Amino acid sequence: MKKFLLLTFTAITFTAITFTAIISIIVPCKLYAVDISAGAAVWYSWYKPGGGEKVNPAFFYGPALSVKFNDDYNLTFVYSYGEYEYNSGRMLKHHDSDIALNYRLNDYCKIFGGIKYRKIIASSNEDSNPPVVLYGIKTDSIGPGLGFTAAYPLVENTYLIGTGAGLFLWRKSEYDLGYGDKDNRNYTSYGYNLTMSIVYYIAPASTVINLGGRYQCFIDRKNTAIKDTYYGITLTATYSFNI
């Protein structure tokens, strides 16, 4: 499992670095140095699956990165991993990553476009008592997203920030039905992501603290009754420097 997580994080990081290099060529920079913010994000998340099963909340965690090329453009990357546990004993291992190019419209608003990638692995919980025997599912989803961000200054170095995005994903699922019997299925879904947070900038430490809430929903295009919903509390801390 640790090897798999390392390979997944390495692949996503390589993608982010490659995308950064491409954008730095496309977008001319006015400064020789670029501003970088790097840190960690935590999300305490509740999950309501389309099937209506009850799932225990879980902590998600991972890195957060932002690269500012100039006053108008910056690239953001966030990756998180967590494990949900169903009341039935099944485990759901969830990888979620977003990479986006942001464009500043003015001092308070940005628009952005990017790519979301999700990987979900459902399996039996080997630690459950009695053990639960279920077929396994591996799902990969990828697709574009478009959205906007608005900021409102509250007091010195403190802001209220809201973000909304629309998503469209292509999904491929592999079902392990047991006894060597497998089935592959392809789906498409659309969704949206909403966040609202309080952001505080600690100037002496060049650090930003972001505390807020996140709501994310994915809906099957062919059967809109199938809807996966995620919501919870987020906390992010990033340190800024330039190179």
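Here the structure is shown first, and the text comes after it.
Being a predicted model, the structure only gives us computed values, none of them experimental.

What to know about the pairing of strand S1 (residues 35-48)
Here is step 1 of the chain: As paired elements, S1 and strand S3 (residues 58-68) share eleven bridges and run antiparallel to each other. The residue bridging Ala38 from the neighbouring strand is Leu65, located in S3.
Here is step 2 of the chain: Here 14 bridges tie S1 to strand S11 (residues 227-242), and the two strands are oriented antiparallel to one another. Within the sheet, the bridge partner assigned to Trp43 lies in S11 and is Thr234.

Observations concerning the packing of aromatic side chains
Here is step 1 of the chain: Tallied over the full model, the rule gives 14 aromatic pairs.
Here is step 2 of the chain: Summarising the aromatic geometry, the rings of Tyr44 and Trp46 are spaced 5.0 Å apart at their centres and angled 85° between planes, so their arrangement reads as edge-to-face.
Here is step 3 of the chain: The class of Trp46 is partly exposed, set by a relative accessible area of 31%.
Here is step 4 of the chain: Their ring planes at 40° and their centres at 6.2 Å tell us that Tyr84 and Tyr230 sit as a pair that is tilted. Here Tyr230 lies in strand S11 and Tyr84 lies in strand S4 (residues 73-86), a separation of 146 residues in the sequence.

With respect to the side chain of His95
Here is step 1 of the chain: When you line up the elements, His95 lands in strand S5 (residues 90-104).
Here is step 2 of the chain: Judged by its relative accessible area of 1%, His95 falls in the buried class.
Here is step 3 of the chain: There is a polar contact of 2.8 Å between the side chain of His95 and the side chain of Tyr79.

Procedures and definitions
Residues numbered from 1 in each chain as written. Predicted model: local features only at pLDDT ≥ 70, side-chain atom pairs only at ≥ 80, totals over all residues. Heavy atoms only, no water. Pairing = 2+ DSSP bridges. Helix = DSSP H or I, 4+ residues; strand = E, 2+ residues; numbered from the N terminus. Phe/Tyr/Trp six-rings, centres within 6.5 Å; stacked < 30°, edge-to-face > 60°. Buried < 20%, exposed > 50% of the residue type's maximum accessible area, 1.4 Å probe, protein only. Polar contact = N/O pair within 3.5 Å; in protein donor to acceptor, adjacent residues only side chain to side chain.

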